[in-house]
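An overview of the molecular structure
Below, each chain spelled out in residue letters.
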Amino acid sequence: LNLIAAIEPLRTQMIPPTLNLETVAPQYSNVDIVREARVKDVRHCLINSVGFGGVNASLIVSRYSQ
């Protein structure tokens, strides 16, 4: 499911919003948080998967360009 969620922004060029974020700590007020879906030139997506016992994996998915 995470891979599908990463491929979709590459396909649609639309960044999905951050869900269930009510307030932002003051020290992070300068971070650009996506509250509504927006159009953006998406070239790469990073997927992090964390498992029990220290089994972790990361995958970078990139858009094909000629």
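Below or above, wherever it landed, is the structure these notes cover. In this convention, every chain numbers its residues from 1, walking through the sequence in written order. Reporting of local features is limited, given that this is a predicted model, to residues whose pLDDT is at least 70; pairs of side-chain atoms are given and counted only at 80 or more, and all residues count toward the totals for whole chains, interfaces and linings. The basis for the side-chain values is all heavy atoms of the structure; hydrogens and waters are excluded.

Once that is clear, we can look at the pattern of salt bridges. A pairing counts as a salt bridge when a side-chain nitrogen of Lys or Arg comes within 4 Å of a carboxyl oxygen of Asp or Glu. This structure, assessed with the given rule, holds 4 salt bridges. Here arginine 11 makes a salt bridge to glutamate 8, at a shortest N to O gap of 2.5 Å. In this pair, arginine 11 and glutamate 8 are both assigned in helix H1 (residues 2-12), 3 residues apart and thus about one turn of the helix distant. Only protein chains enter the accessibility calculation, which uses a 1.4 Å probe. A residue is then buried if its area is under 20% of the maximum for its type, exposed if over 50%, and partly exposed in between. Relative accessible area serves as the criterion here: at 34%, glutamate 8 is assigned to the partly exposed category. Secondary structure elements follow DSSP: runs of H or I no shorter than four residues count as helices, runs of E no shorter than two count as strands, and numbering proceeds from the N terminus.

Turning next to the environment of leucine 10. Position of leucine 10 among the secondary structure elements: in helix H1. For the pair formed by leucine 10 and tyrosine 28, sequence separation is 18 residues and the distance between their alpha carbons is 27 Å. It only takes one pair of heavy atoms within 4.5 Å for two residues to be counted as in contact. When sequence neighbours within four positions are dropped, the list of residues in contact with leucine 10 reads Val42, Arg43, His44, Cys45, Val61, Ser62 and Arg63.

So, about unusual backbone geometry. Phi is positive for glutamine 13, close to 60°, though the residue is something other than glycine. Mapping glutamine 13 onto the fold places it in the loop between H1 and strand S1 (14-15). Classification of glutamine 13 by relative accessible area gives buried; the value is 18%. With phi around 60°, asparagine 20 is a residue other than glycine that occupies positive phi space. In this structure, asparagine 20 sits in the loop between S1 and strand S2 (38-39).

Pairing of strand S3 (residues 44-50) with strand S4 (residues 56-62) involves 7 bridges; the strand directions are antiparallel. In the strand pairing of S4, asparagine 48 is matched with serine 58. Between S3 and S4, which pair antiparallel one after the other, the connecting turn spans 5 residues, and glycine 53 there sits at a positive phi close to 75°. For two strands to be treated as a pair, DSSP must find at least two bridges joining them.

Bringing the environment of aspartate 41 into the picture now. Among the secondary structure elements, aspartate 41 is positioned in the loop between S2 and S3. Pairs of N or O atoms within 3.5 Å make up the polar contacts considered here, provided that, within protein, one atom can donate a hydrogen while the other can accept it, and that residues adjacent in sequence are counted only when both atoms are side-chain atoms. A polar side-chain atom of aspartate 41 sits 3.0 Å from a polar atom in the side chain of arginine 43. At 3.1 Å, the side chain of aspartate 41 forms a polar contact with the side chain of arginine 63.

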